[in-house]
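# Structural description and commentary
The primary structure of each chain is shown beneath.
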Amino acid sequence: MDEDGYKLWLRYITSGDAARTYGRIVRQLRVDGPSATCGIIRDELRTATTAMLGRAVSLNENGLQAGAVIVGTAGNSSLIRDLNWTADLLATGDEGFIIRSATIAKHPVTVIASNHDIGALYGAFHFLRLMQTGQPIDRLGIAERPALQLRLMNHWDNPNGSIERGYAGRSMWDWNALPEKLSQRYADYARACASIGINGAVINNVNADVRMLASESLRKIAALADVWRPYGVRMYLSANFSAPVQLGRLATADPLDRSVMNWWKAKADEIYGLIPDFGGFLVKANSEGQPGPKTYGRTHAEGANVLADALAPHRGNVMWRAFVYDEDIDPDRAKRAYIEFTRLDGQFRPNVAVQVKNGPVDFQPREPFHPLFGAMKQTPVIAEIQATQEYLGQAKHLVYLGTMWEEFLNSDTHAKDSGSTVAKVLAGKVHPSRITGMVSVTNPGLDTNWCGHHFSQSNWYAFGRLAWNPEMSAETIADEWTRMTFSNDDKTVAVIRDVMIGSRETFVNYTMPLGLHHLIGGDHYAPMPWNDRAPRADWTATYYHQASAEGIGFDRTRRGGRAVEQYFPPVCDMFDDLKRCPEKYLLWFHRCAWDYRMKSGKTLWDELCAKYQQGAEQAAALQKTWQSLDGKIDARRHREVADRLALQVADAAKWRDQILEFFGRLSKRPVPRSS
Ligand code: GCV
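Below you will find a few notes about this structure. (Residues numbered from 1 in each chain as written. Predicted model: local features only at pLDDT ≥ 70, side-chain atom pairs only at ≥ 80, totals over all residues. Heavy atoms only, no water.)

## Focus on the overall build of the protein
Scanning the protein for helices and strands turns up 21 helices and 16 strands. Viewed in the frame of its principal axes, the protein has a C-alpha envelope of about 80 × 65 × 50 Å. For the protein, with 675 residues in total, the buried portion stands at 62%. Nonlocal contacts in the protein, meaning residues at least 24 apart in sequence, comprise 72% of its contacts between residues at least 6 apart. In the form shown here, the protein has an accessible surface area of approximately 24,600 Å², with 49% of it arising from carbon and sulfur atoms. A gap of 2 Å separates the mean positions of the 79 positive and 76 negative side-chain charges of the protein. (Helix = DSSP H or I, 4+ residues; strand = E, 2+ residues; numbered from the N terminus. Buried < 20%, exposed > 50% of the residue type's maximum accessible area, 1.4 Å probe, protein only. Contact = heavy atoms within 4.5 Å. Areas by Shrake-Rupley, 256 points an atom, 1.4 Å probe, with all protein chains shown as cover. Lys, Arg positive; Asp, Glu negative; His and termini not counted. Charge placed at Lys NZ, Arg CZ, Asp CG, Glu CD.)

If you want it as structure tokens, here you go:
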């Protein structure tokens, strides 16, 4: 049957062989508790089990049967209370859960227990995921708790319905209809988030329209927050730093001005009056034209603190973005945020976290990890990644980002000995941290399939899974997602999973291999290596590749711009050393002659050509592989992916040809024939 993708990974289709045993293990559902969240758990379990078992399972009937699935908290369920799992439950924290096969009154049962209803909801989704992916559910002994506290979607949605860097239709938030009319999508969205443990969303663009903080908007936002609450999705807002002036009509937004402090306090009080569990503010300040404290001669810490003080009585947080690159700080854009923020370490209020993009430039297909990870010893640092594929083919190319984020999270910062991976830094295991988290610039819009490309859904999914557990493997996540989204047939799964796992490297190969970056223009999609004109030098392509007759690459070594020195030893030494720098980062850190000898024995020029040729060939092979799945998945989604793959293959060839033509003219070397 044709599918449109609206159901995401929550299709609840009967799974493989193991599924035959499920009917015996799931015979009764017991979800005790009066909250709306408990109601959601009941609905989800009933819908899912009915679909997967092909019959309705009795719900909340009196008495206990063999095959009961008991879900809840010790507070709500006497059955769970009597199990006396107090110590084990304590270890799962506020949002974790236990799933165990147990015996109660001689009946074999499955218990999903948590300290709070939200944890029980997460546990229920976890249990359903086991069933969806065809895993055994008869001897369960699972205990989970999220590694990170803040697991947030960051929407770049504008009040006029457009989405900055959005590729899946208009914004989902219908400001004209709110607060009276609540689209079903709001709950469906929150449900999808909850199913992967996402516990909050910043609803508006970081290039923040000040009107979002107006009282009229807040009432609309509160209505949305009411829908999300039972799913554990908390509301956050991007705040415009000059709101006291633009909205409050004050003469200044200087964070040290008493009237400004009071304005933010009153605004926070107003918000919490409407949204008692409001999460806090996200701020892009003094970046790309946005106002900020530096406008008033104040530091980023002073700016963040005025908001933090306003939120603190309500237990709200400030997420202050480190995406700043003022030209007067350093000639190299990649160095600027580190310089600005490390000198402020220790000056932020306890409820401020600095939000740092995965790499030091801007969501490029490949960047080394941002040197701020591990470098802030007294300030919580949370990671910002981007599911929306701004620089990775948008919603036109099939690119699974799980592998890219795995590479980032597994990067060893060496902030404290070896093994200080970014994942550990984020979890507060390297420097103790009051706030931990990871956020993703998101991809859903009003398109029926939410994300434009069916495979772009996998990036929303992977973000949620990694924010819960940043040490999960990209392959496991791809496997899970494929089984839930497309098919449980092992052969089909293997094909799709392999396609996903190779897709990011393929994209890197045909766009920006060997550490090249920013070879684009304003749309961030098509190749534009010749782009040398923009309002700022660091918005051009030539600033980054610096190609000439002699060679190519950005010298960030100790003999050049010294960006390598922002990393801890031995990472800085490795990046600095031409021979030891991983070739995937070569031209990020080094400027090399066209005849530089690569590890393969080829010259740099020949290797570059080979990478572009390989990338375009890999894209074509991907298309072929997809064709082989005809009939293995529903026709509509197969066709829709195939249509986009045709575009991807054509665009990959364009990338190859235009880049090699451009660099070929500079290097004065012929393009060798593809081997
Ligand atoms: C929201 C990049 C994007 C901008 C974005 C900015 C940011 O520069 O192209 O659209 O603005 O990053 O992350 O703030």
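## What to know about the packing of helix H14 (residues 457-468) against helix H15 (residues 474-485)
Where H14 contacts H15, the two axes come as close as 10 Å, and the packing angle between them is 130°. Comparing their axes, H15 and H14 come out oblique. Crossing of H14 against H15: the hand is right-handed. Between H14 and H15, the residues in contact are Gln457, Ser458, Tyr461, Ala462, Arg465 and Leu466 and Ile477, Glu480, Trp481, Met484 and Thr485, respectively. Looking at side-chain class alone, the contact of H14 with H15 contains six nonpolar, three polar and two charged residues. (Axes fitted to C-alpha atoms, helices over the stretch in contact; angles between N-to-C directions. Parallel < 35°, antiparallel > 145°, perpendicular 65-115°, else oblique. Left-handed = near helix turned anticlockwise from the far one by under 90°. Nonpolar A, V, L, I, M, F, W, Y, C, P; charged D, E, K, R; others polar.)

## Some words on the site of the ligand
Taken together, 14 residues sit near the ligand, with Glu164, Lys284, Arg321, Lys357 and Glu390 positioned nearest. In the environment of the ligand, an oxygen atom lies 2.7 Å from a nitrogen or oxygen atom belonging to the side chain of Arg321. The side chain of Glu390 places a nitrogen or oxygen atom 2.5 Å from an oxygen atom of the ligand. Summarising the interface, the protein chains cover 97% of the accessible area of the ligand, which totals 340 Å² for the free molecule. Residue composition of the shell around the ligand, grouped by class: three nonpolar, three polar and eight charged. (Near = heavy atom within 4 Å. Polar contact = N/O pair within 3.5 Å; in protein donor to acceptor, adjacent residues only side chain to side chain.)

## Digging into the sheet that holds strand S12 (residues 352-357)
As summarised here, the arrangement of the eight strands in space is S7-S8-S9-S10-S11-S12-S13-S14, forming a closed barrel in which the pairing is parallel. Strand-to-strand twist in this sheet, taken as the mean axis angle between neighbours without regard to direction, amounts to 25°. Bridge count between strand S10 (residues 280-283) and strand S11 (residues 317-321): four bridges; the pairing is parallel. Bridge pairing in S11 places Leu282 opposite Met319. (Pairing = 2+ DSSP bridges.)

## Side note on the nonpolar core
What tends to happen in soluble globular proteins is that the nonpolar side chains get buried as a cluster. Membership of the largest hydrophobic core comes to 207 residues, with the highest contact counts inside it found for Trp228, Trp264, Phe281, Trp460 and Phe663. Per element, the largest residue contribution to this core is ten residues, and it comes from helix H5 (residues 117-132). In contact with Trp228, not counting residues within four places along its chain, are Trp173, Tyr186, Tyr189, Ala190, Ala201, Ile203, Val233, Arg234 and Met235. (Core = buried A, V, L, I, M, F, W, Y, C linked by side-chain atoms within 4.5 Å.)

## What to know about the pattern of salt bridges
A full pass over the atoms with the stated rule returns 45 salt bridges. Between Arg298 and Asp254 there is a salt bridge whose closest N-O contact spans 2.9 Å. Here Arg298 is found in the loop between S10 and helix H10 (300-311), whereas its partner Asp254 is found in the loop between helix H8 (243-246) and helix H9 (258-274), with 44 residues between them in sequence. Through salt bridges that share partners, Arg558, Arg559, Arg562, Glu565, Asp573 and Asp576 make up one connected network. (Salt bridge = Lys/Arg side-chain N within 4 Å of Asp/Glu carboxyl O.)

## Let's talk about the side chain of Arg185
Here Arg185 shows up in helix H6 (residues 184-195). The charged side chain of Arg185 is buried without a salt bridge, its nearest counter-charge being Asp188 at 6.8 Å. Engagement of the side chain of Arg185 in a polar contact is seen with the backbone oxygen of Asp447, the distance being 2.9 Å. Leave out the neighbours within four places in its chain, and Arg185 touches Tyr6, Met172, Gly445, Leu446, Asp447, Thr448 and Trp450.

## As for the pairing of S11
Burial of S11 is extensive: five of the five residues sit out of reach of the surface. The alternating pattern of S11 places Asn317, Met319 and Arg321 and Val318 and Trp320 on opposite faces, both of which are buried. The parallel pair S10 and S11 is bridged by H10, and the resulting crossover is right-handed. Here S11 pairs with S12 via four bridges, running parallel. In the sheet register, Met319 faces S12, and the bridge partner there is Ala353. In this fold, the crossover linking S11 to S12 by way of helix H11 (residues 333-342) has right-handed handedness. (Right-handed = clockwise from strand over helix to strand, strands pointing away.)

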